[in-house]
Amino acid sequence: MPPQAVIPKSRDLVAALTAIGARIRPETLEELPRNGLAHRHWRLRGRGLVLRVPILPGAAKALDRQATIFRRAAASGHTPALHAVLRPSRYLPAGALLVEAIGGRMPRVPEDLPALAVALAALHDLPVPRGKTPVPAIPEPFVATLTLIERNLERGAAALTSEIRQVIEGERRWAREFARENAKALRRAPRTLVVTDAHPRNFLIATDSRSGKDKAICLDLERGQYACPAIDLAHATLPTAIAWGRSGERLTSTDLRRFLDTYFRQRGPRVAQTLRPWLKPFARLIALRTTAAYAAFRASGAERVLGPEARALARKAIIHTLDAGRLAKIFAAVR
Ligand SMILES: Nc1ncnc2c1ncn2[C@@H]1O[C@H](COP(=O)(O)OP(=O)(O)O)[C@@H](O)[C@H]1O
Ligand SMILES: [Mg+2]
């Protein structure tokens, strides 16, 4: 367990839920597989609800922000409804969210990418509020992402060989230069609500009750912010993020085209015209972001919070990515 992760006991969950008037017993709670790093989830049997409990330090401060993102994103029709907010208490120091339980399956790549494109288009089409908001509105998302990358590279330095560092350094130099040379244009690049962490495993594929068709639901809105939507399009289709999935999942240039065509069909030609020029630079930046995140993850020992299945997937993806020879090819492919 990373030293700071706070994992609640079953009696604390029952007490916190009882405090908001949900009459439940310990047997009502069923823990879901530990697929993620930032939350633990318990299904409330027979209620159609999931209790989403943040486990990382500092999460209490972020609870209102996460609740706001869930509320705003709900209008897209592609996120779980928020039923209640459990304030931080002595039972749950970071509080929790009670959200709609989504019945569905993990997306398969590339088959389900068009469904993800429809979900992202609906999220990106939501109105962007003016003025102050608890949801971060990043003045310049490219540079903000680069700052995050540099922090993670520092944290993850121990997990990197000098050969890998050299490959990464080349990408970092490119990103800095790109930011400098395009500073003005980057400030005017499209802004929408973005998921930020839009890799396929943060979605489930459910069945739409009206049409009977597949519908992608984005579960993990914790890092939602107002930024450039190219970030989500890059992360949903990034080969090294997809490698953290079923073995053998990959996408071809035709799959990528199909994903983008579906997305722009939903959002219209005006959006396509203003957003397309940003797709490549953000794809390259997000490839670097994921590499840096994997390095920081490996150095932190955070894999201990994952269940056995998710841990095996994480290890495989990270071994696949943090390899000097392969990394050079990964970056070459997004140029
Ligand atoms: N609303 C929900 N309905 C059903 N399952 C959920 C829901 N939210 C999360 N889960 C389950 O928990 C897992 C981890 O969720 P996620 O939001 O990605 O957590 P983390 O923030 O820790 O990455 C998902 O893969 C899914 O299995
Ligand atoms: Mg997640």
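Everything discussed here concerns the structure shown above.
All of these numbers come straight from a predicted model, not from anything done at the bench.

So, how was this worked out
Residues numbered from 1 in each chain as written. Chains lettered and ligands numbered in written order. Predicted model: local features only at pLDDT ≥ 70, side-chain atom pairs only at ≥ 80, totals over all residues. Heavy atoms only, no water. Donors = N, O, S within 2.8 Å, 3.2 Å for Na, K, Ca; no water. Helix = DSSP H or I, 4+ residues; strand = E, 2+ residues; numbered from the N terminus. Buried < 20%, exposed > 50% of the residue type's maximum accessible area, 1.4 Å probe, protein only. Contact = heavy atoms within 4.5 Å. Near = heavy atom within 4 Å. Polar contact = N/O pair within 3.5 Å; in protein donor to acceptor, adjacent residues only side chain to side chain. Areas by Shrake-Rupley, 256 points an atom, 1.4 Å probe, with all protein chains shown as cover. Nonpolar A, V, L, I, M, F, W, Y, C, P; charged D, E, K, R; others polar. Domains from an automatic or database assignment. Phe/Tyr/Trp six-rings, centres within 6.5 Å; stacked < 30°, edge-to-face > 60°. Axes fitted to C-alpha atoms, helices over the stretch in contact; angles between N-to-C directions. Parallel < 35°, antiparallel > 145°, perpendicular 65-115°, else oblique. Left-handed = near helix turned anticlockwise from the far one by under 90°. Pairing = 2+ DSSP bridges. 1 Å grid on protein atoms, 1.4 Å probe; cavity = no way out; pocket = protein on both sides within 12 Å on 5 of 7 lines; lining within 4 Å. Points joined across faces, edges and corners; volume = space filled by probe spheres on them.

Peer 1: Could you give an account of the coordination of the magnesium ion (ligand 2), naming the residues involved and the relevant values?
Peer 2: Only N202 (OD1) and D220 (OD) from the protein reach the magnesium ion (ligand 2) as donors, at distances of 2.2 Å. Placement of N202 in the loop between β6 (192-194) and β7 (203-207) and of D220 in the loop between β8 (214-218) and β9 (225-227) is noted, with a sequence separation of 18 residues between them. Taken individually, N202 and D220 each receive the classification buried, so the pair is uniform in this respect.

Peer 1: Summarise the environment of L193; cite the residues concerned and give the values.
Peer 2: Within the element layout of this structure, L193 appears in strand β6. Once you skip the residues sitting within four places of it in the chain, L193 turns out to touch A73, L123, H124, L126, V135, Q225 and Y226.

Peer 1: An account of the site of ligand 1 is requested, with residue identities and associated values reported.
Peer 2: As a structural note, the neighbourhood of ligand 1 is formed by 18 residues, with H39, R52, E100, I102 and N202 the closest of them. Between ligand 1 and H39 there is a distance of 2.7 Å, counted from an oxygen atom to a side-chain nitrogen or oxygen. Interatomic distance of 3.3 Å between a side-chain N/O atom of H41 and an oxygen atom of ligand 1. Computed on the free molecule, ligand 1 has an accessible area of 550 Å², of which 93% lies beneath the protein chains in the complex. At the level of secondary structure, the elements contributing two or more residues to the shell around ligand 1 comprise β2 (39-44), β3 (49-54) and β5 (96-100). Looking at the shell around ligand 1, its residues break down into 10 nonpolar, five polar and three charged. Two domains each put at least three residues into the shell around ligand 1: domain 1 (10-100) and domain 2 (113-333).

Peer 1: Give a detailed account of the packing of aromatic side chains, specifying residues and quantitative values.
Peer 2: Under the criterion given, the structure shown has eight aromatic pairs. Judged by centre distance (5.1 Å) and plane angle (40°), the rings of F142 and F178 are tilted. Placement of F142 in helix α4 (residues 141-155) and of F178 in helix α5 (residues 162-181) is noted, with a sequence separation of 36 residues between them. Here F142 matches F178 in class, with each residue buried. For the ring pair F178 and W278, a centre distance of 6.5 Å and an interplane angle of 90° mean the geometry is edge-to-face.

Peer 1: Residue-level account of the packing of helix α10 (residues 269-300) against helix α11 (residues 308-321), with values.
Peer 2: With their axes 10 Å apart at the nearest point, α10 and α11 run at an angle of 120° to one another. Comparing their axes, α11 and α10 come out oblique. Judged by the twist between their axes, the crossing of α10 over α11 is left-handed. On the side of α10, the interface is formed by T291, Y294, F297 and R298, while α11 contributes A314, A317, I318, I319 and T321.

Peer 1: Give me the lowdown on the pairing of β5, citing residues and values where you can.
Peer 2: Counting buried residues in β5 gives four out of five residues, a clear majority hidden from the surface. Relative to β5, strand β4 (residues 82-86) runs antiparallel, the two being bridged by four bridges. From the neighbouring strand, L82 faces β5, where its bridge partner is V99.

Peer 1: For the layout of surface pockets, give the residues involved together with the corresponding values.
Peer 2: Taken as a whole, the second largest pocket spans an internal volume of roughly 800 Å³. When contributions to the lining of the second largest pocket are tallied by element, the ones reaching two or more residues are α7 (230-236), α8 (239-242), α9 (253-267), α10, α11 and α12 (324-333). Classifying every residue of the lining of the second largest pocket gives 15 nonpolar, seven polar and eight charged.

Peer 1: Which residues make up empty space enclosed by the protein, and what are the values?
Peer 2: This structure, assessed with the given rule, holds one cavity of 30 Å³ or more. Counted as a void, the largest cavity has a volume near 40 Å³. The wall of the largest cavity is formed by H39, P54, A59, A62, L63, Q66 and E222. Examining the composition of the lining of the largest cavity, we find that four residues originate from one element, helix α2 (residues 59-73), more than from any other. Of the residues contributing to the lining of the largest cavity, the split by class is four nonpolar, two polar and one charged.

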